[in-house]
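Spelled out from the first residue to the last, the chains are:
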Amino acid sequence: MSVPQRYRGRPIEELISAGYYDPETRTVRAIKGPELHVHSRDWQLEGPLRMLFHVLDPMVAKDPKNLIVYGGTGKAARNWDDFEAIVDSLLTMDSEDTLVIQSGEPVAIWRLGRHAPRVLMSNAMLVPKWADWKIFWDLEAKGLISFHQMTAGCWAYIGTQGILQGTYETIGAAADRHYGGSLEGRLVVSAGLGNMGGAQPLAIKMLGGVALIADVDVRMIRRMIDTGYLDTWTDSIDKAIDMALDAKERRQATSIGVLANAVDLLERLVRDNIVPDILTDQTPAHDPLSYVPQGLTIEQAEQLRRSDPDRYILMAKESMKKHVQLMLELQRRGAVTFEYGNNLRKQAYDAGVEDAFKIPGQMEYMRPLFEEGRGPFRWTSLVGDPNDIYKLDDVLLTLFERNARLV
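1. A closer look at the pairing of strand β8 (residues 187-191)
Then, in step 1: Counting buried positions along β8 yields 5 of 5 residues, so the element is predominantly enclosed.
Then, in step 2: Here β8 shows a buried face lined by L187, V189 and A191 and a second buried face lined by V188 and S190.
Then, in step 3: Two elements, β8 and strand β9 (residues 210-215), share 5 bridges in a ladder whose sense is parallel. The residue of β9 that forms the bridge with S190 is I213.

2. Side note on the sheet that holds β8
The strands that make up a sheet are held in pairs by hydrogen bonds between backbone atoms, and each pair lies either parallel or antiparallel.
Then, in step 1: On the basis of which strands lie adjacent, the open sheet formed by 6 strands has the order β10-β11-β9-β8-β12-β13 and parallel pairing. At either margin of the open sheet sits one strand with a lone partner, and together these are β10 (232-234) and β13 (336-337).
Then, in step 2: Helix-sheet contacts for helix α6 (residues 199-206) involve β8, β9 and β11 (254-259), and the interaxial angle to β9 is about 170°.

3. Concerning the side chain of T254
Then, in step 1: Locating T254 in the fold gives a position in strand β11.
Then, in step 2: With relative accessibility at 11%, the residue T254 sits in the buried group.
Then, in step 3: A polar side-chain atom of T254 sits 3.2 Å from a polar atom in the side chain of D231.
Then, in step 4: In contact with T254, not counting residues within four places along its chain, are K205, G209, V210, A211, D231 and A247.

4. Concerning a nonpolar patch on the surface
Then, in step 1: Judged by side-chain polarity, L36, W43 and L382 come together as a nonpolar surface patch covering roughly 220 Å² of accessible area.
Then, in step 2: Checked against the element boundaries, L382 lands in the loop between α13 (363-371) and α14 (386-390).
Then, in step 3: Taking relative accessible area as the criterion, L382 reaches 32% and is therefore assigned partly exposed.

5. Some words on the packing of aromatic side chains
Then, in step 1: Within this structure, the stated rule accounts for 12 aromatic pairs.
Then, in step 2: Each ring, one from F338 and one from Y340, has its centre 6.0 Å from the other, and the planes form 45°; the classification is tilted. A single burial state applies to F338 and to Y340, both of which are buried.
Then, in step 3: Among the aromatic side chains, those forming a connected cluster through ring pairs are Y21, F53, W80 and F83.

6. What to know about the nonpolar core
Then, in step 1: Ranked by size, the top nonpolar core spans 49 residues in total, and within it L212 and L265 carry the most contacts.
Then, in step 2: It is helix α11 (residues 309-332) that contributes the most residues to this core, 9 residues altogether.
Then, in step 3: Filtering out sequence-adjacent residues up to four positions away, L212 remains in contact with L187, V188, V189, S190, A240, I241, A244, I256, V258 and L265.
Then, in step 4: Counting 32 residues, the second-largest nonpolar core is a separate cluster that includes Y21, V28, A76 and L90.

7. Section: α13
Residues spaced three or four apart along an α-helix face the same direction, because each turn holds 3.6 residues.
Then, in step 1: Taken together, the buried positions of α13 are Y365, M366 and L369. The buried residues of α13 occupy one face: seen down the axis, they fall within an arc of 90°.
Then, in step 2: Where the residues of α13 are buried, they touch α5 (161-179) and β13.
Then, in step 3: Of the residues trailing α13, G373 is marked for its positive phi of about 80°.

8. Digging into the pattern of salt bridges
Where charged atoms from two side chains of opposite charge come close, those side chains can pair.
Then, in step 1: Evaluation of the coordinates by the stated rule reveals 26 salt bridges.
Then, in step 2: For D272, the salt bridge identified is with R271, shortest N-O distance 2.9 Å.
Then, in step 3: Three or more residues are tied together by salt bridges with common partners; here these are R10, R26, E84 and D88.

9. Comments concerning unusual backbone geometry
Then, in step 1: Non-glycine residue S103 carries a positive phi angle of around 45°.
Then, in step 2: Mapped onto the fold, S103 is located in the loop between β5 (97-102) and β6 (105-111).
Then, in step 3: The backbone phi angle of R251 is positive, close to 60°, even though this residue is not glycine.
Then, in step 4: Following the sequence through the fold, R251 ends up in the loop between α8 (237-250) and β11.

10. A closer look at the pairing of β9
Then, in step 1: Where burial is concerned, most of β9 is hidden: 6 out of the 6 residues are buried.
Then, in step 2: The alternating pattern of β9 places V210, L212 and A214 on one face and A211, I213 and D215 on the opposite face, and all of these are buried.
Then, in step 3: The parallel pair β8 and β9 is bridged by α6, and the resulting crossover is right-handed.
Then, in step 4: Judged from the 6 bridges that link them, β9 and β11 form a sheet pairing that is parallel. Its bridge partner being in β11, A211 is matched across the sheet by S255.

Conventions and cut-offs
Residues numbered from 1 in each chain as written. Predicted model: local features only at pLDDT ≥ 70, side-chain atom pairs only at ≥ 80, totals over all residues. Heavy atoms only, no water. Buried < 20%, exposed > 50% of the residue type's maximum accessible area, 1.4 Å probe, protein only. Helix = DSSP H or I, 4+ residues; strand = E, 2+ residues; numbered from the N terminus. Pairing = 2+ DSSP bridges. Contact = heavy atoms within 4.5 Å. Axes fitted to C-alpha atoms, helices over the stretch in contact; angles between N-to-C directions. Polar contact = N/O pair within 3.5 Å; in protein donor to acceptor, adjacent residues only side chain to side chain. Patch = residues over 30% accessible without salt bridge, like charges linked within 9 Å, V, L, I, M, F, W, Y side chains within 5 Å. Areas by Shrake-Rupley, 256 points an atom, 1.4 Å probe, with all protein chains shown as cover. Salt bridge = Lys/Arg side-chain N within 4 Å of Asp/Glu carboxyl O. Phe/Tyr/Trp six-rings, centres within 6.5 Å; stacked < 30°, edge-to-face > 60°. Core = buried A, V, L, I, M, F, W, Y, C linked by side-chain atoms within 4.5 Å. Arc of directions from axis to C-beta. Right-handed = clockwise from strand over helix to strand, strands pointing away.

See below:
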């Protein structure tokens, strides 16, 4: 690959030449193989570099052209200049240096010694008095801060597989408590098939259940189909419901995606008195600018988000209000209902749903798992060899009895 003049002589030039980074198309590829990169002195430096490139690979990231890894606006770096500065820093540091990063911008290299971390990060920090979305967005527009989620900003995101075990354990705990440990012949309804929510259909299927998951973005649905997390999909709510009820009656474990807004799907379920056995949600409700309001296509949402963000937020909050009201109604009718950590209840409460917190959060089921040490584990291979992950299978099967039942 030819290297643009402005990169000649910089450490990142070697990665551009090797095809790991194309600055013209803003394409980043994961660095694989057992050999250390020519500029790196050891794996403590090579490791963070590879983690950064991995989370921005198009096979992993949600919107890599905008540095977004997952979760609406969870970024790996504040902007492309900062990404390149981080890479240059990692390629020139030595094993006693520590790179300090503040909200995706490299701000210092300190010489702290071999036993100090090679990278220290602090992301999206605001003094509590000013910690609200309006102030955050104003600062973000000025290039002074950015949002990084949990594993995007620290470059530890490994795709939907990273949350699959945690999702499986959490929904499995609900199955243990309410349905004797199996979801066979049970219907689980949710929404959100992004990189985190995309673990839901496979986790539900692994537990023997029928998953019916809505998403407004056909790209997310097709991605889950292509990667094997979702079995099939349709753009018809009626057809999706019929497919799900048929599979439930036949006690066939399967997963069905439907191209629809979550509110539209829940309205249909309430209207027809179809009560899921389990009801939850993983839309990006933590950020009203990422949540797609009822009545808008994904393209219309993207346009309105740019042209009139204030109106967009009002529409999103009104939609989230209706979303939670419908969940509460299905809960009253008997659905085991919980929020999956996306702040949907708080958004609805702020919009006027006073009983929003009658819906418990997912910690209702996760907390006992943490007490047992069955938390969300993530395994990575810095050399990119799948066999490194397969070697852990025997160990995992001895740790989790529910996993052992799948063999």
